[in-house]
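Chains, contacts and geometry: an overview
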Amino acid sequence: GAGVSQSPSNKVTEKGKDVELRCDPISGHTALYWYRQSLGQGLEFLIYFQGNSAPDKSGLPSDRFSAERTGGSVSTLTIQRTQQEDSAVYLCASSLNSGGGRKTQYFGPGTRLLVL
Amino acid sequence: AQSVTQPDIHITVSEGASLELRCNYSYGATPYLFWYVQSPGQGLQLLLKYFSGDTLVQGIKGFEAEFKRSQSSFNLRKPSVHWSDAAEYFCAVAPAVYGGSQGNLIFGKGTKLSVKP
């Protein structure tokens, strides 16, 4: 079946511009996660959705970062007024259910963001 | 706080040789443990996972891992490495919180594997 998809695969933007990154989870997966992967910081958790609500936003690095999920499916991560330190690979993952951390997360290919 | 340590940043092995990648975690109880592999420009692919039961778990591509509670370790092994195994390997832990909202993975920094012909 189809896995997690993300778009765009690559994004180059200028400092100060806003960007939107999209994630399509595996059909039927109720939990959705965003992570950021950068050279200096490794893989960092950003935000988690259960359905359309986000019980855990603890990893968002600043108020320039926001995310939403509609229809319990597609999610968009928005970064406003991008900075060069936002350059990273943004990974999305989904799972059947996040309860107890038991459920396995399946990752998309990521969006590589470069802020000039 | 939970943490995951992968002590080896980069390992080089010869094709056909055995492999062991180390992973240590810090957590108050038995967590859920995972190994993922990432090829260049790709996302993360799950190799194997440990939740409970038999401490030796088998995964895809001929990999296995052993959970050792006394050492807080979950090392990944493969008896004979193939050139296609060259990639970056990540160990991850998820807190075992029943009924809670936590579910995000905490990752180690990764170990890059190079394979010599």
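Higher on the page you've got the structure.
What comes next is a walk through the structure. Residue indices follow the written sequence of each chain, beginning from 1 at its first position. Chains and ligands are labelled by the order in which they are written, letters from A for the one and numbers from 1 for the other. The predicted origin of the model limits local features to residues at a pLDDT of at least 70 and limits the giving and counting of side-chain atom pairs to 80 or more, whereas totals for whole chains, interfaces and linings rest on all residues. Working from all heavy atoms in the structure, the side-chain values ignore hydrogens and water.

Glancing now at the state of the cysteines. Residues and elements named next belong to chain A. Any pair of cysteine sulfurs within 2.5 Å is marked as a disulfide. For the coordinates displayed, the defined rule picks out two disulfides over all chains. The partner cysteine of Cys 23 in its disulfide is Cys 92, sulfur to sulfur 1.9 Å. Disulfide Cys 23 to Cys 92: torsion about the S-S bond roughly -65 degrees, handedness left-handed. Here Cys 92 lies in strand E9 (residues 88-95) and Cys 23 lies in strand E3 (residues 19-24), a separation of 69 residues in the sequence. The same class applies to Cys 23 and to Cys 92, which are both buried. Only DSSP runs of H or I with at least four residues qualify as helices, and only runs of E with at least two residues qualify as strands; both kinds are numbered from the N terminus onward. Using a 1.4 Å probe on the protein chains alone, a residue whose accessible area is under 20% of its type maximum counts as buried, one over 50% counts as exposed, and one in between counts as partly exposed.

The next point concerns the nonpolar core. Residues and elements named next belong to chain B. Side-chain atoms within 4.5 Å are what join buried Ala, Val, Leu, Ile, Met, Phe, Trp, Tyr and Cys residues into a set we call a nonpolar core. Grouped together as the largest cluster of nonpolar side chains are 26 residues, with contacts concentrated most on Leu 19, Trp 35, Leu 47, Leu 48, Phe 74, Leu 76 and Tyr 89. Going through the elements one at a time, strand E2 (10-14), strand E3 (19-21), strand E5 (32-38), strand E6 (44-50), strand E8 (64-68), strand E9 (73-78), strand E10 (87-94) and strand E12 (111-116) are the ones with two or more residues in this core. Of all the elements, E10 adds the most residues to this core, at four residues.

With that out of the way, let us pick up the sheet that holds strand E1 (residues 5-7) of chain A. Residues and elements named next belong to chain A. If you walk across this open sheet you meet the four strands as E1-E3-E8-E7, and the pairing is antiparallel. Taken across any chain shown, the strands that pair with only one partner, and hence form the sheet edges, are E1 and strand E7 (65-69). Strand-to-strand twist in this sheet, taken as the mean axis angle between neighbours without regard to direction, amounts to 15 degrees. When DSSP locates at least two bridges between a pair of strands, those strands are taken to pair. Axis lines are fitted through C-alpha atoms, for helices just across the contact stretch, and the angle between N-to-C directions can take any value from 0 to 180 degrees.

As a further point, take the environment of Ser 18 of chain B. All names here are of chain B. With respect to the element layout, Ser 18 can be found in the loop between E2 and E3. Ser 18 gets classed as exposed once you look at its relative accessible area, which sits at 53%. Separated by 38 residues in sequence, Ser 18 and Leu 56 place their C-alpha atoms 17 Å apart. The contact criterion used throughout is that any non-hydrogen atoms of two residues lie within 4.5 Å. Aside from chain neighbours lying at most four places away, what touches Ser 18 is Val 13, Lys 78, Pro 79 and Val 81.

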